[in-house]
Amino acid sequence: MLSPRIRRLKLDRDSLFKRFHDWPLVRIVGTAGMPPELYRFQYLIKGLYVATDGAILERNEHLLEVNLSLGYPRRAPQCRMLTPVFHPNFDDSSVCIGDFWAASESLDDLIIRIGRMISYQEYNTKSPLNGLAAKWAAQNSHLLPVDARAIAPPLDGQPAEPAPPPPPFAQAATAVAEAVSPVPPSADAPPNDNPWEQKIIIS
């Protein structure tokens, strides 16, 4: 007789591999355990991080590690990013999922929700792990989301959800750059259509 925890782990494994099979935006790139108790996920979506000089830059690939501890699913999965993310609800060691995790939550839905957070389709500035990112997001909501594509795979037989039009990054980035002390570009530098690479500095 399998324990309730092992049955849940097997259900999670089957749901994850079925839902993300051949989906280009979210991939399972590593597991440990039989059935898996540790996962690594790759997100091929746009998010933000802070460079060593304080500039906010765009990043198109992110790695998440999810550890299903002995208390799972009663206790929330332990989630941490292996790549840098600038977001109100992420820090160096964890992802804030306590506001919405419940034992009835499916792990595949959680993985999609974290993808929406990375892309700034979802964020909470009221109880942040990163106060600086919360302040920045509240001041610059017109730049968000960074990636407006549907993170979830379409349901069987359904077309992919159309993405809303992206925000006017070029105009908005100019306004933000003027407000938060930009590093002026070199006169010889080629034009750059990516506003996040305009070296926007957080004051």
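Located above this text is the structure these notes cover.
These numbers come from a predicted model, not from an experiment.

This brings us to unusual backbone geometry. Along the chain, Met-34 connects to Pro-35 via a cis peptide bond; the corresponding omega equals -5 degrees. With respect to the element layout, Pro-35 can be found in the loop between strand E1 (26–32) and strand E2 (38–43). With a phi close to 65 degrees, Tyr-120 is a non-glycine residue in the positive phi region. As for its position among the elements, Tyr-120 is in the loop between helix H2 (107–118) and helix H3 (131–139). When its relative accessible area of 2% is taken as the criterion, Tyr-120 is described as buried.

Picture the strands of a sheet paired through backbone hydrogen bonds; they go either parallel or antiparallel. Pairing is antiparallel in the open sheet, where four strands are placed in the order E1-E2-E5-E6. Two strands in the sheet have a free side with no partner beyond their single neighbour: E1 and strand E6 (78–81). Strand after strand, the sheet turns through a mean of 20 degrees between neighbouring axes, direction not considered. Across four bridges, the pairing between strand E5 (residues 62–67) and E6 is antiparallel. When the sheet's bridge partners are listed, Asn-67 is paired in E6 with Gln-78. Against the sheet, H2 contacts E1, E2, E5 and E6, and its axis sits at roughly 40 degrees relative to E2.

Here we come to the nonpolar core. Looking at soluble globular proteins, one finds that nonpolar side chains tend to be buried together. By size, the foremost hydrophobic cluster in this structure holds 31 residues, and its most contacted members are Tyr-43, Leu-64, Val-95, Ile-111 and Ile-114. Elements with a minimum of two residues in this core: helix H1 (4–20), E2, E5, E6 and H2. When residues of this core are assigned to their parent elements, the largest contribution, seven residues, is made by H2. If we ignore the near neighbours within four places in the chain, the residues touching Ile-114 are Tyr-43, Leu-64, Cys-79, Phe-90, Val-95 and Ile-97. The next biggest cluster of nonpolar side chains, apart from the first, holds 10 residues, and it includes Leu-48, Ile-56, Phe-86 and Trp-136.

Next up on the list: the pairing of strand E3 (residues 47–50). As paired strands, E3 and strand E4 (residues 56–59) are joined by four bridges and run antiparallel to one another. Bridge assignment links Val-50 to a residue of E4, and that residue is Ile-56. Hairpin connection from E3 to E4: five residues lie between these consecutive antiparallel strands, with Gly-54 at a positive phi of about 90 degrees.

Okay, the side chain of Thr-83 next. Position of Thr-83 among the secondary structure elements: in the loop between E6 and H2. According to the relative accessible area criterion, Thr-83 is buried, its value standing at 10%. Polar contacts involving the side chain of Thr-83 include one to the main-chain amide nitrogen of Leu-63, which spans 2.9 Å. When near neighbours in sequence (up to four residues on either side) are disregarded, Thr-83 contacts Arg-59, Glu-61, His-62 and Leu-63.

Right, let's get into the pairing of E5. In the case of a regular strand, side chains alternate between the two sheet surfaces. Relative to E5, E2 runs antiparallel, the two being bridged by six bridges. Each bridged residue has a counterpart across the sheet, and for Tyr-39 the counterpart in E5 is Val-66.

Considering all chains together, one arrives at five aromatic pairs under this definition. When the centroid spacing of 6.2 Å and the interplanar angle of 65 degrees are considered together, the rings of Tyr-120 and Trp-136 count as edge-to-face. Note that Tyr-120 is positioned in the loop between H2 and H3 and Trp-136 in helix H3, a separation of 16 residues in sequence. Each member of the pair, Tyr-120 as well as Trp-136, carries the same accessibility label: buried.

Here is what the cut-offs are and how they apply
Within each chain, residues carry numbers counting from 1 in the order of the written sequence. Thresholds applied to this predicted model are a pLDDT of at least 70 for local features of residues and 80 or more for the giving and counting of side-chain atom pairs; totals over whole chains, interfaces and linings are not thresholded and use all residues. Hydrogen atoms and water are omitted, and side-chain values are computed over all heavy atoms in the structure. Starting at the N terminus, helices and strands are each numbered in turn, a helix being any DSSP run of H or I of at least four residues and a strand any DSSP run of E of at least two. Type-normalised accessible area, obtained with a 1.4 Å probe on protein chains alone, sets the label of each residue: buried when under 20%, exposed when over 50%, and partly exposed for intermediate values. Two strands are counted as paired when DSSP detects at least two bridges linking them. With axes taken as lines fitted to C-alpha atoms, and helix axes fitted only over the stretch in contact, angles between N-to-C directions fall between 0 and 180 degrees. What makes two residues a contact is simply this: any of their non-hydrogen atoms within 4.5 Å. As used in this record, nonpolar core signifies buried Ala, Val, Leu, Ile, Met, Phe, Trp, Tyr and Cys residues forming a set joined through side-chain atoms within 4.5 Å. What qualifies as a polar contact is a pair of N or O atoms within 3.5 Å, subject to a donor-acceptor requirement within protein and to the restriction that residues adjacent in sequence count only when both atoms come from side chains. The rule is short: rings of Phe, Tyr and Trp, with Trp giving its six-membered ring, pair when the centres are within 6.5 Å, and they are stacked under 30 degrees, edge-to-face over 60, tilted in between.

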